[in-house]
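Structure at a glance
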Amino acid sequence: MTDRDLLGEATERKERIVGWRRELHAHPELRFDLPWTEGFVAGRLEEMGWGVRTGVARHGVVALLEVPGASGCVALRADMDALPLTEETGLPFAAPGETMHACGHDAHMAMLLGAAELLVRHREDLKASVKLIFQPDEEGGEGAQAMIREGVLQSPEVEAIFGCHVGCLWPDLPVGQVGVRPGVMLSANDHFRIRLLGRSAHGATPHRGVDAVVLASQVVSALQTLVSRETNPQEAAVLTIGRIEGGTAYNVVAGEVTLEGTLRSFSEPVRHRLHRRLEEVCEGVAHAMGGEAEVRISPGPPLLTNDPEVTERFARTAARVAGADRVTVLERPGMVSEDFAFYLKACPGTFFFLAACDAAQGHTFPHHHPRFALDEGPLPLGAALLAAAALDWGAEA
C-alpha cells in the first residue's frame, strides 16, 4: 500500500486539471470523429513523457508508462466523446454549436490527465506498468469494443482495469463521495427499432387501409406489460420508447410507423426473455390488426460487473486516499449503462462513481440534459484515486 498524500498533490494541481476540463468542454466532438480531442490529449501526455499511440479506433489514444522488470500492467480508462445537444448552461466555457459534453467525459479525460502527471512524478514507486486508454464512442456503445479489437488490452497484457464516472448518477450522494459496488453495478442496454407496416388510405375512408398509427398505439401499450406484468417485480427492468415517426399528412391513413427505444435489465435471463417477448408482442399485435412488424434489436453494453476482489482492494485504496467516511458501498446498481462493461468481460477490474452534481443552480440537471453541469471540486480527488489504483497494483493489498 502507498502512504503518500496523492490527494494533496492532486489538489495542488487543481487549477490545471480544471483548466483541461474546461478546454475539453469547449471543444466537444462526437462518436469516433475526435481529431481535436485526440490531439489535445496526446499533446498533454507527450509533454509529460508518456509513450503515446494515436489513431487507435480512428481517434483514440493509448499511452504507456513502462516499469523495467515489471511483469504486470494495469490500465486506466477515460471516454472522450460528447453528445449531439445544444448547450444551455450559460457557462463562460460553454460549447458553441450543437454538440455538448453533457455526461462528464470532459472531466473523465481531465482526471486521467491529472493521474498521468501524478504517475510520472511517482514513477519509481510503480510495481506494474501503466496503460492509459482514452476511448472514443462510449455514447454510441461501440468504442470499447473497437479499442479492444485493436489490442489495447495486449502488449503488454492488462491484468486489471479501472474507470470512473462523475456526476449525478446517484444524486443522493453528496459531492465528493466515492461510490463502489462489487458485482453488477450498471445495467445492460439494448436498442430496438420496430417498423410497423399497415396500408395507406384516404383519411375519409379508413376502412380501406390499415392504420399504422393506431397499430403503433396498440404496440406501445402492449409493450408496457412486458415489465409491469411479465417481469418479476424483484428483477428490475426498463422498456422505454423514445421515438415515434410516421404519417405523411393529416388526412391520410399512415401506412408505416417506426418506433425506437431501449431495453435495460440486470440479469441475462431477463434480458433474453425481453428480447424474445418484444418480437412476439410486436408481431402478434401487428398480425391481429392486419399489419406487419419488423423488429430489430441491437445489443448494446452488457451488464457492468465489477470484480469483487479488485473492487474490495480499490475500496481500501479509496478509503486511504479520500478518508473512509467518503467511500460508500452502493446499495443498488444503476439503470444506466456504460461500455466499460466490455473491458470487464475481458479482464478483471472495477468501475467507481465520484459524486459531482452541481447544486449551485438550486437544483441539479440529469446527464444528457442541455443544462447538465458538474461541480469541479472533486476532480483532483478523481485524479488521485486513479493514480492510487495504479500505484497500489502489484503492491501488497
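The following paragraphs examine the structure supplied in this document. Small disclaimer: the values here were computed from a predicted structure and weren't measured.

1. Side note on the packing of helix α2 (residues 14-25) against helix α10 (residues 379-392)
α10 packs onto α2 with a crossing angle of 100° between their chain directions and a minimal axis gap of 9 Å. Relative to α10, the element α2 lies roughly perpendicular. Side by side, α2 and α10 meet where Lys14, Ile17, Val18 and Arg21 of the first sit next to Leu379, Pro380 and Ala383 of the second. Of the residues assigned to the contact of α2 with α10, the class counts are 5 nonpolar, no polar and 2 charged.

2. Some thoughts on the sheet that holds strand β12 (residues 256-265)
As summarised here, the arrangement of the 4 strands in space is β10-β12-β8-β13, forming an open sheet in which the pairing is antiparallel. A single partner strand is all that each edge strand has here, and the edge strands are β10 (237-246) and β13 (292-299). In this sheet, neighbouring strand axes are inclined to one another by 20° on average, regardless of whether the strands run parallel or antiparallel. Packing of helix α7 (residues 268-288) onto the sheet brings it into contact with β8 (188-197), β10, β12 and β13, and relative to β13 it is tilted by some 165°.

3. Focus on the pairing of strand β1 (residues 51-56)
Two strands pair when backbone bridges link them, and β1 and strand β2 (residues 60-65) are joined in this way by 4 bridges, in the antiparallel orientation. Note on β2: the bridge partner recorded for valine 52 is alanine 63.

4. Focus on the pattern of salt bridges
Any two side chains of opposite charge can pair, given that their charged atoms come close. Enumeration according to the criterion identifies 26 salt bridges in this entry. Among the salt bridges present, the one from glutamate 230 reaches arginine 277, with a minimum N-O distance of 2.7 Å. You can see glutamate 230 sitting in the loop between α6 (212-228) and β10 and its partner arginine 277 sitting in helix α7, a full 47 residues away along the chain. The class for glutamate 230 is partly exposed, based on a relative accessible area of 29%. Where salt bridges share partners, they join Glu230, Arg273, Arg276, Arg277 and Glu280 into one cluster.

5. Thoughts on the sheet that holds strand β5 (residues 160-167)
With mixed pairing, the 8 strands of this open sheet are ordered in space as β1-β2-β4-β3-β5-β16-β6-β15. A single partner strand is all that each edge strand has here, and the edge strands are β1 and β15 (327-329). Neighbour-to-neighbour, the strand axes of the sheet open up by a mean angle of 25°, direction not taken into account. Examined bridge by bridge, strand β3 (residues 73-79) and strand β4 (residues 129-135) share 7 bridges and lie parallel to one another. Counterpart to alanine 75 in the pairing with β4 is lysine 131. In the packing of helix α3 (residues 35-48) onto the sheet, contacts are made with β1, β2 and β4, and the angle to β1 comes to roughly 170°. Against the sheet, helix α4 (residues 105-121) engages β2, β3, β4, β5 and β16 (349-355), with an angle of about 150° to β3.

6. Focus: the packing of aromatic side chains
Two descriptors summarise a pair of aromatic rings, namely the distance from one centre to the other and the angle between the planes of the rings. Enumeration according to the criterion identifies 7 aromatic pairs in this entry. Measuring from centroid to centroid gives 6.3 Å for phenylalanine 162 and tryptophan 393, while their planes differ by 70°, and the two rings are edge-to-face. Placement of phenylalanine 162 in strand β5 and of tryptophan 393 in the segment after α10 is noted, with a sequence separation of 231 residues between them. For tryptophan 393, a relative accessible area of 14% corresponds to the buried category. An aromatic cluster of at least three residues, connected via ring pairs, comprises Phe162, Phe314, Phe352 and Trp393.

7. A look at the layout of surface pockets
For the largest pocket, the calculated volume is near 970 Å³. As for the largest pocket, its lining consists of 39 residues, and the residues nearest its centre are Glu139, Asn189, Arg264, Ser337 and His368. Going through the elements one at a time, β8, β10, β12 and β13 are the ones with two or more residues in the lining of the largest pocket. Ranked by residue count, the leading element in the lining of the largest pocket is β12, at 4 residues. Of the residues assigned to the lining of the largest pocket, the class counts are 16 nonpolar, 15 polar and 8 charged. The volume enclosed by the second largest pocket comes to roughly 180 Å³. Taken together, Leu169, Trp170, Pro171, Asp172, Leu173, Thr328, Leu330, Glu331 and Arg332 form the lining of the second largest pocket. Tallied by class, residues from the lining of the second largest pocket come to 5 nonpolar, 1 polar and 3 charged.

8. Focus: the state of the cysteines
Per the counting criterion, the structure on display carries 1 disulfide. Across a sulfur-sulfur distance of 2.4 Å, cysteine 168 and cysteine 357 are joined as a disulfide pair. A residue pair is termed long-range when its members are at least 10 positions apart, and cysteine 168 in the loop between β5 and β6 (178-180) and cysteine 357 in the loop between β16 and α10 qualify at 189 residues. By the burial criterion, cysteine 168 is buried, and cysteine 357 matches it. The thiol of cysteine 73 is unpaired, and the distance to the nearest cysteine sulfur, on cysteine 347, comes to 9.6 Å. Of the residues examined, cysteine 73 reaches a relative accessible area of 0% and is grouped as buried.

9. Side note on the pairing of β12
For β12, the buried fraction is high: 8 of the 10 residues fall into the buried class. Pairing geometry for β10 and β12, over 9 bridges, is antiparallel. Bridging across to β12, threonine 240 finds its partner in threonine 262.

10. What to know about the nonpolar core
Of all hydrophobic cores here, the largest spans 72 residues; its most connected members are Leu45, Trp50, Leu119, Leu132 and Phe134. Ranked by residue count, the leading element in this core is α10, at 11 residues. Apart from the residues lying within four places of it in its own chain, the contact partners of leucine 45 are Trp50, Val52, Val61, Ala63, Leu113, Ala116, Leu132 and Phe134. Listed in part, the 29 residues of the second largest apolar core include Ala75, Leu153, Leu173 and Phe351.

The rules behind each value
- Each chain carries its own residue numbering, running from 1 in the direction its sequence is written.
- With the structure being a predicted model, the display of local features is reserved for residues of pLDDT at least 70 and the display and counting of side-chain atom pairs for 80 or more, all residues being used for whole-chain, interface and lining totals.
- To obtain the side-chain values, all non-hydrogen atoms of the structure were included, while hydrogens and water were left out.
- Axes, fitted as lines to C-alpha atoms, cover a helix only where it is in contact. Angles between the N-to-C directions of the axes lie from 0 to 180 degrees.
- For helices the rule is a DSSP run of H or I covering at least 4 residues; for strands it is a run of E covering at least 2, with both sets numbered from the N terminus onward.
- For classification purposes, an angle smaller than 35 degrees is called roughly parallel, one larger than 145 roughly antiparallel, one from 65 to 115 roughly perpendicular, and anything else oblique.
- It only takes one pair of heavy atoms within 4.5 Å for two residues to be counted as in contact.
- We call Asp, Glu, Lys and Arg charged. Ala, Val, Leu, Ile, Met, Phe, Trp, Tyr, Cys and Pro are nonpolar, and the rest, Gly among them, are polar.
- DSSP-based pairing: two strands are paired if at least 2 bridges between them are found.
- We define a salt bridge as a side-chain nitrogen of Lys or Arg found within 4 Å of a carboxyl oxygen belonging to Asp or Glu.
- Under the scheme applied here, a residue whose accessible area is under 20% of the maximum for its type counts as buried, over 50% as exposed, and between as partly exposed, the area being computed with a 1.4 Å probe on protein chains only.
- Each pair of aromatic rings taken from Phe, Tyr and Trp, with Trp reduced to its six-membered ring, is defined by centres within 6.5 Å and is described as stacked if the planes are under 30 degrees apart, edge-to-face if over 60, and tilted in the remaining cases.
- Here a cavity denotes a set of grid points, spaced 1 Å apart and computed over the protein atoms alone, in which a 1.4 Å probe fits but from which it cannot get out, and a pocket denotes an open set meeting protein on both sides within 12 Å along at least five of seven lines; residues with an atom within 4 Å of a point are reported as lining.
- Grid points are joined across faces, edges and corners, and a volume is the space filled by probe spheres set on the points.
- Two cysteine sulfurs form what is called a disulfide whenever their separation falls within 2.5 Å.
- The criterion is simple. A nonpolar core is a set of buried Ala, Val, Leu, Ile, Met, Phe, Trp, Tyr and Cys residues joined through side-chain atoms within 4.5 Å.

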